[in-house]
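Survey of secondary and tertiary structure
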Amino acid sequence: MSALRPPLLLGSAILLLAGCADPSGPAGASAGTPSGTSSATAAISENATLAAEVPAALKANGITVASDVSYPPMDFFAADNKTVVGAEADLDKALGTVLGVKVTVVNVPFDSILPGLQSGKYQLGVSSFTDTAEREKVVDFVTYFDAGTSLLVPAGNPKALKPGGNSLCGRAVAVAKGSTQALVDLPARAKTCKTPIKVSTFPDGTGVNLAVTSGRADAALADSPVAAYAAKQSGGKLEVAGDSYGNAPFGIAVPKNSKLTGLLKSALEDLKASGGYQQVLAKWGLESGALHTFEINAAS
């Protein structure tokens, strides 16, 4: 993804199981999509036993997944600015196939997803949510990927910033609103700083990347796969400084006590057994984040 891609069309909904074409193709055909890859759903099919357990209302109306579609390679818009692509988008589609249910992804600001789940507006939230004990107070999580936090800086790292220590003290740092980096990481760092960190929050990943490339921020903190992909797609404007840290699993957010929680864990296990889970991650170069086992509320 280029950090200068067109603005997001907030609020658009995309049917992922309604015959959308896979936008993967030759290099340059669609900014940010992988090249030379086969369909991520080649080994994925419905599990009749699990499909039979899906509540009738969801069978009839489908599952609505809330996602902030601004975090490549996890979720982002293809060149048409309408079709949702990415590792999590493919996983959404694969889980829907296994459960025999239509999945609709709705583009929602990150910090509005969990409140939307609590209110019943959406059935799932898949948007690189780190499974934390604090978040588990309001939703349940089913883990599916392992990631850490990375420091994204201008190419050449002109201010010699480091992911650890106090090098971010006194610096302008961009983060996504409602993210773990904004709610946990930077507040913890601030306690050790003599000169405060100048925190800039943005509603989506595009704004975070632009803040760094435009010079409005000295650096950004983002989930490791997102930061790595942003650097790769920046045309040499961005790079990741040092190693990632604070690795923890991403989880599918589910309303408390939903029957979908157990079904999703079983569907992920089905995908792993069939090889479909590995195919989805390999398509986006994310094999290193694969989980050996999937858990419910791993933080607690």
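This text follows the structure it describes.
Procedures and definitions
- Residues numbered from 1 in each chain as written.
- Predicted model: local features only at pLDDT ≥ 70, side-chain atom pairs only at ≥ 80, totals over all residues.
- Heavy atoms only, no water.
- Core = buried A, V, L, I, M, F, W, Y, C linked by side-chain atoms within 4.5 Å.
- Buried < 20%, exposed > 50% of the residue type's maximum accessible area, 1.4 Å probe, protein only.
- Helix = DSSP H or I, 4+ residues; strand = E, 2+ residues; numbered from the N terminus.
- Contact = heavy atoms within 4.5 Å.
- Polar contact = N/O pair within 3.5 Å; in protein donor to acceptor, adjacent residues only side chain to side chain.
- Axes fitted to C-alpha atoms, helices over the stretch in contact; angles between N-to-C directions.
- Parallel < 35°, antiparallel > 145°, perpendicular 65-115°, else oblique.

In this section: the nonpolar core. One finds Ile-252 and Leu-264 to be the most contacted residues of the largest nonpolar core, which totals 61 residues. Among the elements that take part in this core, helix 3 (residues 87-99) stands out by supplying 7 residues, more than any other. Those residues in contact with Leu-264 that sit more than four places away from it in its chain are Leu-95, Leu-99, Leu-124, Val-142, Ile-252 and Val-254. Ranked by size, the runner-up nonpolar core spans 14 residues in total, among them Val-175, Ala-182, Ala-219 and Leu-221.

In this structure, Asn-157 sits in the loop between strand 7 (139-154) and strand 8 (172-176). Taking relative accessible area as the criterion, Asn-157 reaches 16% and is therefore assigned buried. From its side chain, Asn-157 meets the backbone oxygen of Leu-161 in a polar contact 2.9 Å long. In this view, Asn-157 contacts Glu-239 and Ala-241; residues no more than four positions away in its chain are not counted.

This part covers the environment of Val-226. One can find Val-226 in helix 7 (residues 224-232). Spatially, the C-alpha atom of Val-226 lies 6.2 Å from that of Pro-73, the residues being 153 residues apart in sequence. Dropping the residues within four chain positions of it, Val-226 is found in contact with Tyr-71, Pro-72, Pro-73 and Met-74.

The peptide bond linking Pro-72 to Pro-73 adopts the cis configuration, its omega dihedral lying at 10°. Relative to the helices and strands, Pro-73 resides in the loop between strand 2 (63-67) and strand 3 (76-77).

Looking now at the packing of helix 8 (residues 260-274) against helix 9 (residues 276-283). At a minimum axis distance of 4 Å, the contact between helix 8 and helix 9 shows a crossing angle of 80°. Judged by the angle between their axes, helix 8 and helix 9 are roughly perpendicular. Contacts between helix 8 and helix 9 involve Leu-271, Lys-272 and Ser-274 from the former and Gly-276, Tyr-277 and Gln-278 from the latter.

Glancing now at helix 6 (residues 205-213). Counting buried positions along helix 6 yields 7 of 9 residues, so the element is predominantly enclosed. Next to the buried residues of helix 6 lie strand 7, strand 8, strand 9 (198-202), strand 10 (219-223), helix 7 and strand 11 (238-255). With a side-chain oxygen positioned 3.1 Å from the backbone nitrogen of Thr-206, the residue opening helix 6 is Asp-204. Following helix 6 by one or two positions, Gly-215 has its phi on the positive side, about 90°.

Distances and angles like these do not, on their own, reveal function.
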